[in-house]
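Observations on chain architecture
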Amino acid sequence: MEFQSCFDIIGPIMVGPSSSHTAGVVSIGKFIYELLEDCPQEANIVFYDSFAETYQGHGTDKALLGGLLGMETDDPRIKNSLEWAKKDGLQYRFEFAEDCKYYDHPNIAIVTAKCEEYAVKVGGVSLGGGLSKIFMIDDEMVDIRLSAGDDFTALARHYQPKRKRLVGAK
């Protein structure tokens with residue numbers, strides 16, 4: 001684990017039920033939201049291992065969509081983020097896999113998100129206690145630690161030039 005204080009262990013103020021399967025995952029989605037500077041119009045989400053097995057029961061699906069919609073870990077709308085995604089026009093698809101070739105951890109999600117003429121592929125891992133880490137952006141390995149109180153706009157700003165224009169976009 002990568003805890004830096006006792007508050008990391010306790011976890012953030014959040015919509016539950018799990019700091020690993022909800023709060024940490026909201027942060028991964030929120031980082032992508034900030035990376036794109038808006039809510040994506042499309043998202044392909046691959047859950048691995050533990051996430052693939054328990055995503056609905058622990059609210060991982062709702063948490064990731066909530067983050068992609070720009071919600072914070074304590075936003076009560078997370079519980080209804082499937083409906084919010086539909087209302088906001090976010091088209092999403094969930095896929096499930098056992099092993100991730102990029103990173104070894106049971107709580108991994110890889111999201112390919114498109115917004116206007118940009119697309120990003122982001123790999124994130126929820127470490128527990130509401131902490132998460134971005135380990136990949138567009139197939140390049142990175143090491144960005146996320147905690148609920150972080151300024152995701154500032155963190156994402158350093159990686160925005162890595163956004164790729166879609167083929168054929170004007």
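In what follows, the accompanying structure is described.

Conventions and cut-offs
- Residues numbered from 1 in each chain as written.
- Predicted model: local features only at pLDDT ≥ 70, side-chain atom pairs only at ≥ 80, totals over all residues.
- Heavy atoms only, no water.
- Helix = DSSP H or I, 4+ residues; strand = E, 2+ residues; numbered from the N terminus.
- Patch = residues over 30% accessible without salt bridge, like charges linked within 9 Å, V, L, I, M, F, W, Y side chains within 5 Å.
- Areas by Shrake-Rupley, 256 points an atom, 1.4 Å probe, with all protein chains shown as cover.
- Salt bridge = Lys/Arg side-chain N within 4 Å of Asp/Glu carboxyl O.
- Lys, Arg positive; Asp, Glu negative; His and termini not counted.
- Charge placed at Lys NZ, Arg CZ, Asp CG, Glu CD.
- Buried < 20%, exposed > 50% of the residue type's maximum accessible area, 1.4 Å probe, protein only.
- Pairing = 2+ DSSP bridges.
- Core = buried A, V, L, I, M, F, W, Y, C linked by side-chain atoms within 4.5 Å.
- Contact = heavy atoms within 4.5 Å.

One non-glycine residue, E116, adopts positive backbone phi at about 55°. Mapped onto the elements, E116 comes out in the loop between β3 (108-115) and β4 (118-128). Here the phi dihedral of D139 falls at roughly 65°; this positive angle occurs in a residue that is not glycine. Mapped onto the elements of the fold, D139 is located in the loop between β5 (131-137) and β6 (140-146).

The next point concerns a negative patch on the surface. Where like charges cluster on the molecular surface, the negative patch consists of D49, E53, E98, D99 and D104. Counting through the fold element by element, D49 comes out in helix α3 (residues 49-54).

A few words on the pairing of β5. Buried residues dominate β5, accounting for seven of its seven residues. Here β4 pairs with β5 via six bridges, running antiparallel. Bridge pairing links G124 to I134 in β5. As consecutive antiparallel partners, β4 and β5 are separated by two residues, and within that stretch G129 has a phi angle of approximately 65°, a positive value. Connecting β5 to the next strand, β6, in antiparallel fashion are two residues, including D138 with a positive phi near 50°.

Okay, the pairing of strand β1 (residues 42-48) next. Extensive coverage of β1 is indicated by the burial of six of its seven residues. In terms of strand pairing, β1 meets strand β2 (residues 91-97) through seven bridges, oriented parallel. Residue N44 lies in a different strand from β2, and its bridge partner there is R93.

This brings us to helix α4 (residues 60-68). Burial analysis of α4 places eight of its nine residues in the buried class, which makes it a mostly covered element. Listing the buried residues of α4 in full gives T60, D61, A63, L64, L65, G66, G67 and L68. One or two steps after α4, the chain reaches G70, where phi turns positive at roughly 95°.

Bringing the environment of L64 into the picture now. The residue L64 is located in helix α4 in this model. Between the C-alpha atom of L64 and that of G29, which follows or precedes it by 35 residues, the distance is 5.0 Å.

Counting 37 residues, the largest nonpolar core has F31, I32, I45, F47, L64, L90 and I134 as its most contacted members. At seven residues, the largest contribution of residues to this core is made by helix α2 (residues 19-36). When sequence neighbours within four positions are dropped, the list of residues in contact with L90 reads C39, P40, Q41, E42, A43, L65, L68, L69 and A85. With 10 residues, the next largest nonpolar core counts I108, I110, V125 and L131 among its residues.

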